[in-house]
Amino acid sequence: MERRSIHTKEILFPAGEIRTDSMLYREKCRLLLPESYTQNMFLVQSTQFQTRFFIASESTRNLEMMEAFFSRMYGAVFEDAHLPEVGGNNSVILKNSILNLRKREFYHPGFVRNILDYTAVDRTAVIRYCVSVRSGSSGRRYGGRFNFTVTIGFDSEHTEKKLSDLLSYEMRAMKHISRYYMKRTRRPRMRDNLLSEPFNLINFIRVPSDRDIVL
């Protein structure tokens with residue numbers, strides 16, 4: 001099977017504080033969903049000194065929609081880039097449980113922030129955080145449904161071991177507070193029609209901030 005090419009842009013933000021407006025996110029979140037049977041990606045590469053954000057897609061149309069989302073949400077601009085590698089031996093893949101099938105809106109912004117903030121604790125760590133979103137059929141039965149996985153890549157086994165406890169804690173916190181269930185897997189394959197509420201991507205595809213607008 002021929003591998004589809006990936007179109008990638010790096011997200012560049014204006015100077016000043018960046019915040020996520022949940023009301024605007026609800027209005028624009030469908031721009032993050034790809035066309036049927038294609039994949040969009042949101043990737044963050046974090047070190048002690050720098051955090052870089054990327055978007056990528058198998059479709060130029062999808063990428064343009066993602067650009068529109070981040071432009072309207074954060075005032076971002078974009079430049080061509082190569083997508084950093086995420087997978088490999090030192091990585092963890094999280095996927096949605098079937099229990100999330102009918103999950104309604106929830107808000108748990110600390111998940112992304114706390115994972116990426118680890119580089120402030122371990123100053124030698126490099127973390128790559130990637131959300132891959134796929135959409136199912138546009139037909140009547142599964143129209144508008146999608147699914148996603150979260151892949152967290154590490155620069156070393158040392159970083160993976162140190163971050164493992166934090167990741168487990170964040171997954172338990174999300175389960176306890178928001179009743180949202182994610183589990184670790186070795187396989188990136190997933191159903192593409194499990195979820196129906198795109199606003200919940202706010203908990204996984206976002207620019208982390210200590211102060212967000214919640215309405």
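Details of the structure are given in the entry above.
Remember, predicted model here, so these are calculated numbers, not experimental data. (Residues numbered from 1 in each chain as written. Predicted model: local features only at pLDDT ≥ 70, side-chain atom pairs only at ≥ 80, totals over all residues. Heavy atoms only, no water.)

## Things to note about the environment of M174
- With respect to the secondary-structure elements, M174 resides in helix α5 (residues 157–178).
- Separated by 33 residues in the primary sequence, M174 and V207 have C-alpha atoms spaced 18 Å apart.
- Apart from residues no more than four positions distant in its own chain, M174 is found in contact with F106, H108, F111, R179, Y180 and F204. (Helix = DSSP H or I, 4+ residues; strand = E, 2+ residues; numbered from the N terminus. Contact = heavy atoms within 4.5 Å.)

## Digging into the environment of N147
- Among the structural elements, N147 can be located in strand β7 (residues 146–154).
- Relative accessible area serves as the criterion here: at 3%, N147 is assigned to the buried category.
- Through-space distance from the C-alpha of N147 to that of E197 is 9.9 Å; in sequence the pair is 50 residues apart.
- Discounting residues that sit within four places of it in the chain, N147 has contacts with N96, S132, V133, R134, M190, R191, D192, L194 and L195.
- Within the structure, the side chain of N147 is placed 3.0 Å from the side chain of N96, a separation counted as a polar contact.
- Only 2.7 Å separates the side chain of N147 from the backbone oxygen of R191, close enough to count as a polar contact. (Buried < 20%, exposed > 50% of the residue type's maximum accessible area, 1.4 Å probe, protein only. Polar contact = N/O pair within 3.5 Å; in protein donor to acceptor, adjacent residues only side chain to side chain.)

## Quick notes on the packing of aromatic side chains
- Applying the stated criterion to the full structure yields 12 aromatic pairs.
- When the centroid spacing of 6.2 Å and the interplanar angle of 85° are considered together, the rings of Y25 and F199 count as edge-to-face. Here Y25 is found in helix α1 (residues 22–28), whereas its partner F199 is found in the segment after β8 (182–185), with 174 residues between them in sequence.
- A residue is classified by how much of its surface remains accessible, and F199, at 3% relative accessible area, is buried.
- Ring geometry for Y180 against F204: centres 5.8 Å apart, planes inclined by 45°, an arrangement best described as tilted. Here Y180, found in the loop between α5 and β8, pairs with F204, found in the segment after β8; they are 24 residues apart in sequence, far enough to count as distant. (Phe/Tyr/Trp six-rings, centres within 6.5 Å; stacked < 30°, edge-to-face > 60°.)

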